[in-house]
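Fold and geometry: a report
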Amino acid sequence: MKISKKIVLIGHFGVGKSSLIRRFVEDTFTEDYKVTIGVHVLKKEVKLPETDKDITLVIWDLEGNDDITNTRPSYLIGTNGFLYVFDLTRPATYEKLSNDLDYISERFPKTPIKVIGNKKDLVTNEFIKQNKEVFGRFVDFYTSAKSGKNVEDVFTNLAKALIK
Amino acid sequence: MLDNYKKEHPQSVNQYMIVQLDGTITESDDVIYKNIVGENISEIHPFFESIHEALQEKNKRHVFSCIHLTDQNNQTIITDIVVKTFDNDKLPMIVILDLTLHYDNYQTTAQVRNESVINSQILELKNDYLQEKEAFKNAFIANFSHELRDPLTGILTFSDILKKTGLNDEQLNYLKVIDSSSSYLKQLIEDILDISKIEAGKLELVITPFDIRELLEDIKKGFKIKAEQKGLELITNFNNNLPLIVGGDPLRLRQVINNLLENAIKFTEVGTITFNVSLNQIRAQKASIHFQIIDTGIGIAEDDIEQIFTSFTQLNKASTYKGAGLGLAIAKHLVSLTDSKISVDSTLGEGSTFSTNINFKLDHNYKLKSKKKTKEIKPKSDKKYSILLVEDSEITQLSILKILASKGNYFLDIVTKGEDVVPRIEQSEFDLILMDIKLPNSYGDEITKLIRKMPDRDHKKTPVIALTARVFKDDLRRYKKAGINDVIKKPFDEDALLSKIEEYLK
């Protein structure tokens, strides 16, 4: 049985949303930063053997915004799941994490959201340990688009949440 | 020609499509995507897979701006997409507007803006990190040198005491080595602390009237002996028209000259050290005095001159000359506090000339403080004085005990914890309190505040002298505010301790 679900990556600019998708879909990475304007849409099939279901993730890579309330509402129509991505090395990208998550939850109360701290390759485990309270919310995954660490798990985990 | 114009001045192009509710394309004008009738809209691009929900709505118009699609030639186009549904049985319409040119310009602007914001955030973080690192270094240096002071006080005082125990010549020679090593260590700690103060921006000059000629003569006396010990000649020329009393920081001026002369002697093996001081300029309330130190030493290569004023830099890497390389860095900073600079003229193998013009204040109302004749302020020999020592370091306790015991007219009571001070004062009367500042779990200035608040009036008057290495301007202000009368700087020797005690027991 094939299911198609729309997931949206949201967060500040430069946090690595496009890099995470590129790593997940194409298994590639580039150090060059190219700003995303508007939306790129890609898709990838995820096999979930334990549920006997395949799921097609239609992944919306939104342009980064330091104020998510400015996100164009049309981009969010029909969203089945969110990935909120922040940059572990830049506090400006997680200072409003808690407010941003509340904002999304209020508008999409039953839609799963996973929180991703990206660029894990640039910080130590100790840094993460010391800053857990600073992030303000539970972080589901610490990823590195550069090394590929946890990237597959993020999308698979969200896919599982979408078919529950 | 029209075709050329169209290529040179392209305008946006639109494609109209009519789709069924399941996404099957029933009509298309094939402007961007050709021959697609009968296909499902989802097959054109993943974007359309997500708009099935919008197709089911009635009489709605959704505009999706700046959507990246791939055309049939595999080229990326950036579009606005309009999805229009109707009330009646009319099928939904999809319009694709190719606005690639417009959005390409936007992309360039956004790229510049975002990169600039990210770079400034990273720069700010780096700056924060460097400041934290700097603060840690300064705190480390301050604490570490503080910890060195107690054992150094022990070495200095017991070395003094040992000298008076009838040693033979060989033993006295050994003691001289201990003396010279501990003096060097003391100087090194002072220099490291000064550098940490400089880097923390806490080093300030204390301006006071002083007799500059007397200070120069005093410096000359000390360095004449040092130069002679190395087989060098110290030539001094102090101009006669120097003002008698100037306003400046005599301690720091002495430090600058000492560092320059030390440096000259250190790097000169044969010849002379010439120390010239002359009046450069005089105005109503300001005198500029020129200091020049010329040596016939090893000299400095032109490319290295800038480096010599950097902390921990010694050009002679072969370690022929001992030293941490802090003296000139400190001198340079101290001179800069008077808005002046030290200039260097040097020839490798021939020698160097260090010069500077330092500004001093002039004021006819300047009067010199009468010098403290400590020797004359001896306490009455027939009276025994009770002194309370608040100190946790056993070395310092023992040093003070030995010094005071050798004089025979002091009773010393020792308390090691802050919380025991007030109860001890309530039990016994003391003529003076020696108070360490950094005690386990408490601070001497805070304890002094408690002493000053005690109901018995006498306690308010008992002199409290702090024993501490922390003598930044802010610290001194805090001690004074707490009711501390004076400070003995660690590490101290017998003279420093006794003269201060005797001053307050007159």
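Here the structure is a predicted model, which is why all the values come from computation and not from measurement. (Residues numbered from 1 in each chain as written. Chains lettered and ligands numbered in written order. Predicted model: local features only at pLDDT ≥ 70, side-chain atom pairs only at ≥ 80, totals over all residues.)

Observations concerning the overall build of chain B
Along chain B, the regular secondary structure elements total 14 helices and 19 strands. Among the 506 residues that make up chain B, the fraction classed as buried is 29%. (Helix = DSSP H or I, 4+ residues; strand = E, 2+ residues; numbered from the N terminus. Buried ≥ 20, exposed ≤ 12 C-beta atoms within 10 Å, placed from the backbone.)

Observations regarding the overall build of chain A
The helix and strand inventory of chain A stands at four helices and six strands. Listing every helix and strand of chain A by position from the N terminus yields β-α-β-β-β-α-β-α-β-α. Put simply, chain A has 164 residues, and 41% of those count as buried.

Things to note about the confidence of the model for chain A
For chain A, per-residue confidence averages 92 on the pLDDT scale, and 99% of positions sit at 70 or higher. Mean pLDDT across the secondary structure elements of chain A bottoms out at helix α3 (residues 125-135) of chain A, with 90, and peaks at strand β4 (residues 81-87) of chain A, with 97. (pLDDT = per-residue confidence, 0-100.)

Here we look at the environment of B:Leu172
Residue and element names in this part refer to chain B. Summarising the element assignment, Leu-172 is placed in helix α5 (residues 169-199). Overall, the presence of 12 C-beta atoms within 10 Å leaves Leu-172 in the exposed class. Taking the C-alpha atoms as reference, Leu-172 lies 9.1 Å from Leu-162; in sequence the two are ten residues apart.

Some remarks on helix α6 (residues 212-229) of chain B
Residues and elements named next belong to chain B. The terminal C-alpha atoms of α6, which comprises 18 residues, lie 26 Å apart, in line with the 26 Å expected from a rise of 1.5 Å per residue. Buried within α6 are the following residues: Ile-212, Leu-216, Phe-223 and Ala-227. Taken together, the buried residues of α6 touch β6 (208-211), β7 (233-238), β8 (245-248), α7 (250-266) and β9 (272-283). (Expected span 1.5 Å × (residues − 1). Contact = placed C-beta atoms within 7 Å.)

Overview of the sheet that holds strand β18 (residues 464-468) of chain B
All names here are of chain B. Spatial strand order, β14-β13-β15-β18-β19: five strands in an open sheet with parallel pairing. Only two strands of the sheet have a single partner each, and these edge strands are β14 (410-415) and β19 (486-489). Pairwise comparison of adjacent strand axes, ignoring direction, gives a mean angle of 25 degrees for this sheet. Pairing between strand β13 (residues 385-390) and strand β15 (residues 432-436): four bridges, direction parallel. By the bridge assignment, Leu-389 is partnered in β15 with Leu-434. Sheet strands in contact with helix α14 (residues 494-504) are β15, β18 and β19, and its direction is about 170 degrees off that of β19. (Pairing = 2+ DSSP bridges. Axes fitted to C-alpha atoms, helices over the stretch in contact; angles between N-to-C directions.)

So, the confidence of the model for chain B
For chain B, the mean per-residue pLDDT works out to 86, and 92% of the residues sit at or above 70. Across residues 373-377 of chain B the pLDDT falls below 50, and counting only partners more than four positions away or on other chains, this stretch makes six contacts in the model.

Considerations on the pairing of β8(B)
It is a general feature of regular strands that their side chains alternate between the two faces of the sheet. Residues and elements named next belong to chain B. Alternating residues of β8 divide into Val-246 and Gly-248, all buried, and Ile-245 and Gly-247, none buried. Judged from the four bridges that link them, β6 and β8 form a sheet pairing that is antiparallel. The partner of Asp-211 across the bridge, within β8, is Ile-245.

Description of the packing of helix α1 (residues 17-26) of chain A against helix α4 (residues 151-162) of chain A
Residues and elements named next belong to chain A. At a minimum axis distance of 9 Å, the contact between α1 and α4 shows a crossing angle of 85 degrees. Comparing their axes, α4 and α1 come out roughly perpendicular. The segment α1 lies against α4, with Leu-20, Arg-23 and Phe-24 engaging Val-151, Glu-152 and Phe-155. Of the residues contributing to the contact of α1 with α4, the split by class is four nonpolar, no polar and two charged. (Parallel < 35°, antiparallel > 145°, perpendicular 65-115°, else oblique. Nonpolar A, V, L, I, M, F, W, Y, C, P; charged D, E, K, R; others polar.)

Some details on the nonpolar core
Residues and elements named next belong to chain A. In this structure, Ile-7, Leu-9, Leu-57, Ile-59, Trp-60, Leu-83 and Val-85 are the most contacted members of the largest nonpolar core, which totals 58 residues. In terms of residues, this core owes the most to one element, strand β3 (residues 53-62), which gives six residues. For Leu-57, the contacting residues outside a window of four places in its chain are Lys-5, Ile-7, Lys-43, Lys-44, Val-46, Phe-155 and Ala-159. (Core = buried A, V, L, I, M, F, W, Y, C linked by C-beta atoms within 7 Å.)

Points about unusual backbone geometry
Residue and element names in this part refer to chain B. At the junction of Lys-490 and Pro-491, the peptide bond is cis and its omega measures out at -5 degrees in the coordinates. For Asn-35, which is not a glycine, the phi torsion comes out positive at approximately 50 degrees. You can see Asn-35 is positioned in the loop between β2 (25-28) and α2 (46-49). Classification of Asn-35 as exposed rests on a count of 9 C-beta atoms within 10 Å. With a phi angle near 65 degrees, Asp-339 is a residue other than glycine that sits in the positive phi range. Its place among the elements puts Asp-339 in the loop between α8 (327-336) and β11 (342-347).

Quick look at α7(B)
Residues and elements named next belong to chain B. For α7, spanning 17 residues, the distance from its first C-alpha to its last is 24 Å, which sits close to the expected 24 Å at 1.5 Å a residue. Among all positions of α7, only Arg-252, Leu-253, Val-256, Ile-257, Asn-259, Leu-260, Leu-261, Asn-263, Ala-264, Ile-265 and Lys-266 are buried. As for α7, its buried residues are in contact with α6, β8, β9, β10 (286-295), α8 and β12 (351-361).

Some remarks on the packing of helix α11 (residues 444-452) of chain B against helix α13 (residues 473-482) of chain B
All names here are of chain B. Remark: α11 packs on α13, axes separated minimally by 8 Å, with the N-to-C direction vectors making an angle of 20 degrees. As summarised for this structure, α11 and α13 are arranged roughly parallel, according to the angle between their axes. α11 and α13 meet at a crossing whose hand is left-handed. Here Asp-445, Thr-448 and Lys-449 of α11 come into contact with α13, specifically with Arg-478, Tyr-479 and Ala-482. In terms of residue class, the contact of α11 with α13 is built from two nonpolar, one polar and three charged. (Left-handed = near helix turned anticlockwise from the far one by under 90°.)

Notes on the pairing of β2(B)
All names here are of chain B. Across three bridges, the pairing between strand β1 (residues 13-19) and β2 is antiparallel. The residue bridging Met-17 from the neighbouring strand is Ser-28, located in β2. Hairpin connection from β1 to β2: five residues lie between these consecutive antiparallel strands, with Gly-23 at a positive phi of about 100 degrees.

Considerations on the interface of chain B and chain A
With 24 residues of chain B at the contact, the number on the chain A side is 20 residues. At the level of elements, α2, α3 (52-55), β3 (61-70) and α4 (100-163) of chain B are the ones that each hand at least two residues to the side of chain B that touches chain A. With nine residues, α4(B) is the single largest residue contributor to the side of chain B that touches chain A. Inspection of the sheet shows strand β2 (residues 39-48) of chain A paired to β3(B) by two bridges, in the parallel sense. By the bridge assignment for β3(B), A:Val39 is matched with B:Ile67.

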